[in-house]
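# Structural overview
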Amino acid sequence: MKYLIITTSLLAVLLSGCSPCSDCGDLTSEQVTPPDFKSIENTQQKKDAFFAYLYPLTLEANRQVLEEKKLLKSWSIQSNKLTDSQVDEIKSTAKLYKVKCATPDKNCAIKIDTKIGVVPPSLVLAQAANESAWGTSRFATDGSNYFGQWCYTEGCGIKPSQRDTGASHEVKEFDSPFDSVKGYIHNLNTSAAYKQLRQVRREAWSQSKKPDGVIMATGLIKYSERGAEYVSENQHMIRYNKLLAFDALFWEELKKYQ
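Residue numbers here run from 1 along each chain, matching the order of that chain's written sequence. For a predicted model such as this one, the threshold for reporting local features is a pLDDT of at least 70, and the threshold for listing and counting side-chain atom pairs is 80 or more; totals across whole chains, interfaces and linings nevertheless cover every residue. As a convention, hydrogens and water are excluded, and side-chain values are obtained from all of the structure's heavy atoms.

## Remarks on the overall build of the protein chain
So the rule is basically this: Only DSSP runs of H or I reaching four residues or more are called helices, and only runs of E reaching two or more are called strands; each is numbered from the N terminus. A simple rule labels every residue: compare its accessible area, found with a 1.4 Å probe on the protein chains alone, to the largest value its type can have, and call it buried under 20%, exposed over 50%, or partly exposed in between. Any two residues whose heavy atoms approach within 4.5 Å are treated as being in contact. Using the Shrake-Rupley algorithm and a 1.4 Å probe, accessible areas are obtained, with residue cover drawn only from the displayed protein chains.
Across its full length, the protein chain carries 12 helices and three strands. Looking at the 258 residues of the protein chain, the share that counts as buried comes to 48%. Residue pairs in contact within the protein chain that sit at least 24 positions apart in sequence constitute 62% of those at least 6 positions apart. Summed over its atoms, the accessible surface of the protein chain is roughly 13,600 Å², and 50% of this surface lies on carbon and sulfur atoms.

Shown next, in the form of structure tokens:
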């Protein structure tokens, strides 16, 4: 593979296994608990540990998205009439993904399926490193929030130490880093702010290309007030840290679930 230059030691961490936890899909109990990144003084070792920890979470979160897409596909091509239960599921799924449908039918299932998709790990890892200071930020260690996601209900998260006068947002608190990864992917798949990112992804697939993090990062223009500078920063992180190697591994592993 063109970009597959992951070290043997890192691959050993990525592919290691132990008893699966009960509610985390294919993740192992070891993978659910993050390392103490602050205690790792060597910069390269910290990076390797960070990427090795976040990659399996990213793979599992994307696997769950693929499972949703499979279900949507099955509804859309079902030859007989949808059951009441299936109609209710389409209706709730449309609400979850902020898709407006006149009727929760097969066409609605297609509309939802067209909107959602996987997010390549190179982008996930770069943004997580950027937003969480390599897993050492207060929001990451205290709230399992690796992507700086906000919430707007009092008590929903951690109050920033510096917040503009009149601002009411908090930094969302998650039960686990895995929930943070799932929340981040869901955010990219639903928010109107990332419509361009989803369009870039659709265009790549329409040309039989696998979308990578560098290309999809162009859709993050509204993720930060820094706009284009923020996009360039994440693209640089992907290239500098050779994170496209994770994309190559990712597409190979996803074949098992398609």
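## As for the packing of aromatic side chains
Threshold: Pairing of aromatic side chains requires ring centres within 6.5 Å, counting the rings of Phe and Tyr and the six-membered ring of Trp. Pairs whose planes differ by under 30 degrees are stacked, by over 60 edge-to-face, and all others tilted. Any Lys NZ or Arg CZ found within 6 Å of a ring centre and within 35 degrees of that ring's normal is scored as a charge over the ring.
One pass over the full model with this rule turns up 13 aromatic pairs. Ring geometry for F50 versus F51: centroids 6.1 Å apart, planes at 70°, classification edge-to-face. This pair shows no difference in class: F50 is buried, exactly as F51 is. Taken together, the ring pairs connect F37, F50, F51, Y53, Y55, W134, Y146 and F246 into an aromatic cluster. Stacked on the ring of Y257, the Lys or Arg R63 has its end atom at 5.8 Å from the ring centre.

## Digging into the environment of Y97
Topologically, Y97 is positioned in the loop between α4 (84-96) and α5 (106-115). Since its relative accessible area comes to 3%, Y97 is described here as buried. Those residues in contact with Y97 that sit more than four places away from it in its chain are E68, I112, K115, I116, H186, N189 and T190.

## Section: the side chain of N234
Condition: N or O atoms closer than or at 3.5 Å make up a polar contact, with two conditions inside protein: a donor-capable atom paired with an acceptor-capable one, and, for residues adjacent in sequence, both atoms drawn from side chains.
Residue position: N234 is located in helix α11 (residues 228-240). Using a relative accessible area of 0% as the deciding quantity, one classes N234 as buried. Within the local environment of N234, its side chain forms a polar contact with the backbone oxygen of Y230, the two atoms lying 2.9 Å apart. Residues in contact with N234, not counting those within four places in the same chain, are A126, Q127 and N130.

## With respect to the nonpolar core
Our working rule: Only buried residues count toward a nonpolar core, which is a set of Ala, Val, Leu, Ile, Met, Phe, Trp, Tyr and Cys residues joined through side-chain atoms within 4.5 Å.
Among the nonpolar cores identified, the biggest contains 49 residues, and F50, L123, Y146, Y184 and L220 are the most heavily contacted of them. Those elements giving two or more residues to this core turn out to be α3 (43-76), α6 (121-132), α8 (177-190), α9 (195-206), α10 (213-216), α11 and α12 (244-254). Looking at this core element by element, the count peaks at 10 residues for α3. When neighbours within four sequence positions are excluded, Y184 is seen to be in contact with V119, L123, V124, Q127, F147, Q149 and Y223.

## Here's the deal with the state of the cysteines
Our working definition: The disulfide criterion is simple: two cysteine sulfur atoms within 2.5 Å.
Enumeration over the complete set of coordinates arrives at one disulfide. With its sulfur 2.2 Å from that of its partner, C101 forms a disulfide with C108. Handedness here is read from the sign of the S-S torsion; for C101 and C108, about 85°, the answer is right-handed. For C108, a relative accessible area of 2% gives the class buried.

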